[in-house]
Amino acid sequence: LLAQGPPRRTAYESDCGSQIAWMGDLDAALERAAAEKKPVFWFVPTAYRTPLDRKQEVYWYMMGGPFSEPRVVSFVNENFVPLKLGFGPLLRRSDAIATVPRSAASALADRYRLNALEFIEPGFVILDQGGEPVHVVDRLLSFQVDWFGERLERALAPHAERIGQLRFPPPAEDDLLDVRRKMKRGAEAGAFKSLGLLKKGMTKELVPEMLWLEGLARWFMRDRDEARKVWKRLDATHPKTIWAARARLELDGWGPFGRGFATMVAPDEKYAASTDLRTTRLVGVEDELETRIRRGLHHLLRMQNEDGSWTDSRYDFGGEDSLPNVHVAVTALAAMGLLDWREIEPQAVQSALERAIPYLIDDGNLASKDKDEIIWAQVYRLDFLLRVMDAMPERKRKLAAHAQRIVKAIEADQLKSGAFRHEYPNPFATASAVLVLKKASAAGLKVTDARLDAATKALLGARDDETATFGYGMRAGSTVEFAAGRMPLCELALFLAGASDEAKLDRAVRTSWEHHHHYEQVRNYDDHARPHRIGGFFYWYDVHGRTEATLRLPAERRAALAEQTRKLVEGLQEADGSWIDSHELGKAYGTGMALTVLGLLKDKAER
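The structure displayed is predicted, hence computed values, not measured ones.

Caption draft 1: The arrangement of the overall build of the protein in detail. Looking only at helices and strands, the protein has 26 helices and nine strands in total. Relative to the 2.2 N^0.38 estimate, which gives 25 Å for 607 residues, the radius of gyration of the protein is 25 Å and therefore close to what a compact globule would have. Projected onto the principal axes, the alpha-carbon positions of the protein cover approximately 75 × 60 × 45 Å. When each of the 607 residues of the protein is scored for burial, the buried share is 60%. By sequence separation, contacts in the protein at least 24 residues apart represent 72% of the contacts at least 6 residues apart. Per element, the accessible surface of the protein, about 24,400 Å² overall, is 50% carbon and sulfur. Looking at the protein, you have 86 positive and 88 negative side-chain charges, and the mean spots of the two groups are 3 Å apart.

Right, here's the structure in full:
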């Protein structure tokens, strides 16, 4: 392996979430629940035998998100016996959380269905006084205080005979109520103006929250340097408050707001009315495609940085020094998603694209000496520039030189074997390079035929002719389950290079759909997971590759599969309008990918 590997994980500490009176022993919690006649709120930071690599990150998203909201804190403390108990540490040899004794772990996980794959962090369990489960929810990836509390109240209402009638506290009727309401509507500019009018007469006790909200408003108004200054002032002047703890979490890069996992903006009313707590696949919600797209665009527009980039991804398997390459790749994907749907929000999207283009053509934003992940930065920014040249012909002449430079950079990164690598040589990186070079050639850029021929030969060498699978590395052979996701992408590259045919391409797409449930099962994991070693971070990548392959099939096959893909993507939208697979790759990546897939389907339908 050529990759240097991720950095050593170290423990992070914060006071966020500490206002909840957590217990760390299930038997003691149940004993107290029986005495106080209260249900148990069991936050499960780690499932049994979880393959989740970055347990700390999702833990702090919960602790700095819902578990630091005063209304959630009072709701949990007053109505439940709070229990924070995992089935393993957040890090090796870490004692940051209480853990179930090994001797009891398997039986307890089976009883409450808290095994890996059954339960994916973060999530929690509500137990009645006798220890029987009342409500279980996992895969919580979008947090908004009203949504979290009010929906939990509705979900538990049918169980009032067992646990009592629980009421989530209403918003505080104080000087900041109007500001919170504006933030809930996504009107940060109006909230910021209201904060300015309130400052002189602000109740002393509300000043820390006022500074927190000012920083948050500035953050989503894309004034992030000033947001950091406000939060630093909050930390310096009111260090013991929960608002300062939340500010420190954001400043240190561990907070859920800066990473896009928490928001003050309320979900659409249709989403808020559901009693299903999981943040995706919301029951009974039917939106028009344009509504879904608009919500996805709004998420991306709010998360873009001043310099045009999106940097919420923390994918550092190639080392922290490769993160600039990850951020360039994610920025290109987010910008592609915006470009494909700019007619829905033309002014806002065009402004975002005008910020993104200079960032993406600037080689100074790459970690050019670090070969880990740089292929993704080059492939996706080239793909984006080719799309801009097609959508905005007036830009073609100026951008063509930048695109040609990136073509040369991709070719220079090709290995002697003909393969390409991201962290190591593999067929999927090779296929991605072939596809974008073929697109560049079709757009009139100069591509070296010998380079494409060498990559095609390397891809053929990684293909098993009997099973039609591609290895994970550059050697042929793999289980179908493990290979199914990358098969359409790799076969498409061979097809466009004249080394495959429609029958083989159709087989690859069909096989991918047949095994899609295995990928869905591990979608939210940030590492390879049993039983098939599939990594959750390949989910949107594979869906995107399969979509491109689908659109090359004959019309009679293409239409049904395209509709199947559209329904799949729409059904995975989060309550906040984003899309996501692995939390480490982040929401800008998932949302960009999802919007690009829907854009590919739209483009084909229009043509």
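Caption draft 2: Main features of unusual backbone geometry. Cis geometry is found at the peptide bond from E121 to P122, where omega equals 0°. By secondary structure assignment, the location of P122 is in the loop between α4 (102-112) and β4 (123-127). The omega angle of the peptide bond from R530 to P531 is 5°, so this bond is cis rather than trans. Position of P531 relative to the elements: it lies in the loop between β8 (528-529) and β9 (534-535).

Caption draft 3: Spatial organisation of the packing of helix α21 (residues 487-496) against helix α24 (residues 539-550). At a closest axis distance of 7 Å, the pairing of α21 and α24 adopts a crossing angle of 40°. In terms of their interaxial angle, α21 and α24 are classed as oblique. Crossing handedness for the pair α21 and α24: left-handed. Only Y541, G545, R546, E548 and A549 of α24 make contact with α21, whose side of the interface consists of P488, L489 and L492.

Caption draft 4: Summary view of the environment of A391. On the secondary structure map, A391 appears in helix α16 (residues 374-391). A relative accessible area of 34% means that A391 is categorised as partly exposed. Setting aside chain neighbours within four positions, we find A391 in contact with L339 and R342.

Reading the values: the criteria
- Note on numbering: residues in each chain are counted from 1, in written sequence order.
- Totals for whole chains, interfaces and linings use every residue, but because this is a predicted model, local features are given only for residues with pLDDT of at least 70 and side-chain atom pairs only at 80 or more, for both listing and counting.
- To get the side-chain values, all heavy atoms of the structure are used, and hydrogens and water are removed first.
- A run of H or I in DSSP becomes a helix once it reaches four residues, and a run of E becomes a strand once it reaches two; helices and strands are each numbered from the N terminus.
- The reference for a compact globule is 2.2 Å times residues^0.38; the radius of gyration itself is calculated from the C-alpha atoms.
- Under the scheme applied here, a residue whose accessible area is under 20% of the maximum for its type counts as buried, over 50% as exposed, and between as partly exposed, the area being computed with a 1.4 Å probe on protein chains only.
- In what follows, a contact means two residues having at least one pair of non-hydrogen atoms within 4.5 Å.
- Accessibility throughout is a Shrake-Rupley quantity obtained with a 1.4 Å probe, and a residue counts as covered only by protein chains that appear here.
- Charge counting follows a simple rule: Lys and Arg are positive, Asp and Glu are negative, and His as well as the terminal groups are ignored.
- For this purpose, a charge sits on NZ of Lys, CZ of Arg, CG of Asp or CD of Glu.
- All axes are obtained by fitting lines to C-alpha atoms, using only the stretch in contact for helices, and the reported angles, taken between N-to-C directions, cover 0 to 180 degrees.
- Reported orientations rely on four angle classes, namely roughly parallel under 35 degrees, roughly antiparallel over 145, roughly perpendicular from 65 to 115, and oblique for the rest.
- Whether a crossing is left-handed or right-handed is set by the direction in which the near helix is turned from the far one by less than a right angle, anticlockwise for left-handed and clockwise for right-handed.

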